[in-house]
Amino acid sequence: MLRRAFRLCLAGFLLFGACSSAPDTPEEVFEKRNQAARNMEAGNRYFREAAYNQALEFYQMALDSYTAMDDSGGHVTALNSMGKVFFLAGEEEKAQGFYDKAWASARKSRQPALIIQSANNRGELALRRGENNKALETFRTALEMGAADASGTLELAVLYHNMGASLRNAGDFAGALDCVLKAADMNRAAKRFSELASNYYLLSSIHFRQDKLEEAKTNALAALEYDKKMENSPGIAQDLLALGAVAQKTGDTEEAHDAYKRSFLVYRSLGVLSGMRNSLEKLIDTSLTLNLKEENEHYREAYKQLQPKAQ
């Protein structure tokens with residue numbers, strides 16, 4: 001009897017012990033979501049290294065996971081990331097396809113952060129393609145859908161900056177200034193100096209188109225100051241071109257010539273052919289005005305060598 005009782009007790013102990021030691025059923029599972037996030041991070045890492053094929057592979061895996069989980073935020077971000085790869089690669093049609101899908105999904109989600117992110121990408125591509133009305137419509141739609149609720153964010157500051165560029169192109173200089181100043185205020189408050197330099201450069205461009213040359217020069221100098229502070233060489237070269245253009249328009253050809261020369265040297269150090277060609281075009285003009293014949297010939301020869309080779 002004792003042996004039988006012992007066996008019953010042991011069986012009961014094993015039975016109930018086994019049940020009590022089993023893991024609880026989790027209320028939420030994050031395995032797929034975490035893997036998708038890791039894929040996005042890997043894609044971003046390859047993107048920063050300009051390894052675009054690898055970046056696309058990881059973005060696609062992340063997109064598949066987010067789609068399977070019906071995660072609208074991850075879905076939109078992955079689409080935008082893939083579009084940006086094609087944007088930088090110059091494959092505008094493919095970039096457009098991904099940006100349009102992201103824009104449609106973001107609007108459906110009605111989430112301000114996703115709307116701004118998608119509007120900026122779609123609008124910047126439209127600006128590059130000369131589709132100014134499309135860009136302006138995109139930015140306005142984003143604001144109408146509550147994008148401004150994401151107050152103070154980098155993406156909202158970028159949206160106001162981009163909208164300012166669109167309004168400048170449309171000739172609405174007052175509206176353009178209002179937008180860019182909003183962006184500048186946000187970036188200044190957040191100490192985003194690289195973005196602030198871009199704001200000042202755009203302000204200079206707006207004033208330049210209005211023939212307000214003193215204001216154009218002041219803002220170009222401010223852009224140069226912040227770009228130097230952040231060691232942003234492409235921005236420095238661009239600012240110097242702007243200063244050269246202002247000086248040339250005011251009749252100070254020597255100052256313009258010096259600014260163009262400095263811009264060329266920065267572009268040359270970076271190996272940016274388009275910037276080098278642009279600077280050389282300006283130098284050919286100013287050296288001719290200054291009667292610098294030897295320099296003029298040198299610039300013309302350098303410009304000729306930098307032209308794309310015929311296939």
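Residues numbered from 1 in each chain as written. Predicted model: local features only at pLDDT ≥ 70, side-chain atom pairs only at ≥ 80, totals over all residues. Heavy atoms only, no water.

1. Remarks on the overall build of the protein
The secondary structure content of the protein amounts to 15 helices and 0 strands. Against the globule reference of 19 Å for 311 residues, the protein gives a C-alpha radius of gyration of 28 Å, more extended than a compact globule. With respect to the three principal axes, the spread of C-alpha positions in the protein is 120 × 45 × 35 Å. The buried share of the protein, reckoned over its 311 residues, is 42%. Summed over all atoms, the accessible surface of the protein reaches about 17,700 Å², with 52% contributed by carbon and sulfur. Mean positive and mean negative side-chain charge positions of the protein (39 and 41 charges, respectively) differ by 5 Å. (Helix = DSSP H or I, 4+ residues; strand = E, 2+ residues; numbered from the N terminus. Rg over C-alpha atoms; globule rule 2.2 N^0.38 Å. Buried < 20%, exposed > 50% of the residue type's maximum accessible area, 1.4 Å probe, protein only. Areas by Shrake-Rupley, 256 points an atom, 1.4 Å probe, with all protein chains shown as cover. Lys, Arg positive; Asp, Glu negative; His and termini not counted. Charge placed at Lys NZ, Arg CZ, Asp CG, Glu CD.)

2. Overview of unusual backbone geometry
Of note in this structure, Lys191 is not a glycine but carries a positive phi near 60 degrees. Tracing the backbone shows Lys191 in the loop between α9 (173-189) and α10 (193-209). Even without being glycine, Asn291 reaches a positive phi, approximately 60 degrees. Considering the arrangement of structural elements, one finds Asn291 in the loop between α14 (273-289) and α15 (293-305).

3. So, the environment of Val272
With respect to the secondary-structure elements, Val272 resides in the loop between α13 (253-270) and α14. Along the chain, Val272 and Arg129 lie 143 residues apart, while their C-alpha atoms are 21 Å from each other.

4. As for the nonpolar core
Counting 59 residues, the largest nonpolar core has Tyr59, Ala142 and Tyr200 as the members making the most contacts within it. Ala237, Leu243, Phe264 and Leu306 belong to the second largest nonpolar core, which has 21 residues in total. (Core = buried A, V, L, I, M, F, W, Y, C linked by side-chain atoms within 4.5 Å.)

5. As for the packing of aromatic side chains
Each pair of aromatic rings is reported with the distance of its centres and the angle of its planes. Taken as a whole and assessed by the stated rule, the structure comprises 6 aromatic pairs. Seen in terms of ring centroids, Phe47 and Tyr52 are 5.7 Å apart; in terms of plane orientation they differ by 55 degrees. Their pairing is tilted. Residue Tyr52 is classed as partly exposed on the basis of its relative accessible area of 27%. On the numbers, 5.8 Å between centres and 5 degrees between planes, the contact of Tyr200 with Tyr226 is stacked. (Phe/Tyr/Trp six-rings, centres within 6.5 Å; stacked < 30°, edge-to-face > 60°.)

6. Looking at the packing of helix α11 (residues 213-229) against helix α12 (residues 233-249)
Where α11 contacts α12, the two axes come as close as 9 Å, and the packing angle between them is 160 degrees. In terms of orientation, α11 lies roughly antiparallel with respect to α12. Two packed elements cross with a definite hand, and for α11 against α12 that hand is left-handed. Facing Leu213, Ala216, Lys217, Ala220, Leu221, Ala223, Leu224, Asp227 and Lys228 of α11, the residues of α12 in contact are Gly235, Ile236, Asp239, Leu240, Ala242, Leu243, Val246 and Lys249. For the contact of α11 with α12, a count of residues per class yields 11 nonpolar, 1 polar and 5 charged. (Axes fitted to C-alpha atoms, helices over the stretch in contact; angles between N-to-C directions. Parallel < 35°, antiparallel > 145°, perpendicular 65-115°, else oblique. Left-handed = near helix turned anticlockwise from the far one by under 90°. Contact = heavy atoms within 4.5 Å. Nonpolar A, V, L, I, M, F, W, Y, C, P; charged D, E, K, R; others polar.)

7. Observations regarding the environment of Asn162
Residue placement: Asn162 occurs in helix α8 (residues 154-169). You can call Asn162 buried: its relative accessible area is 7%. Once residues lying within four places of it in the same chain are set aside, the contact partners of Asn162 are Asn120, Glu124, Leu127 and Phe139. There is a polar contact of 3.2 Å between the side chain of Asn162 and the side chain of Asn120. (Polar contact = N/O pair within 3.5 Å; in protein donor to acceptor, adjacent residues only side chain to side chain.)

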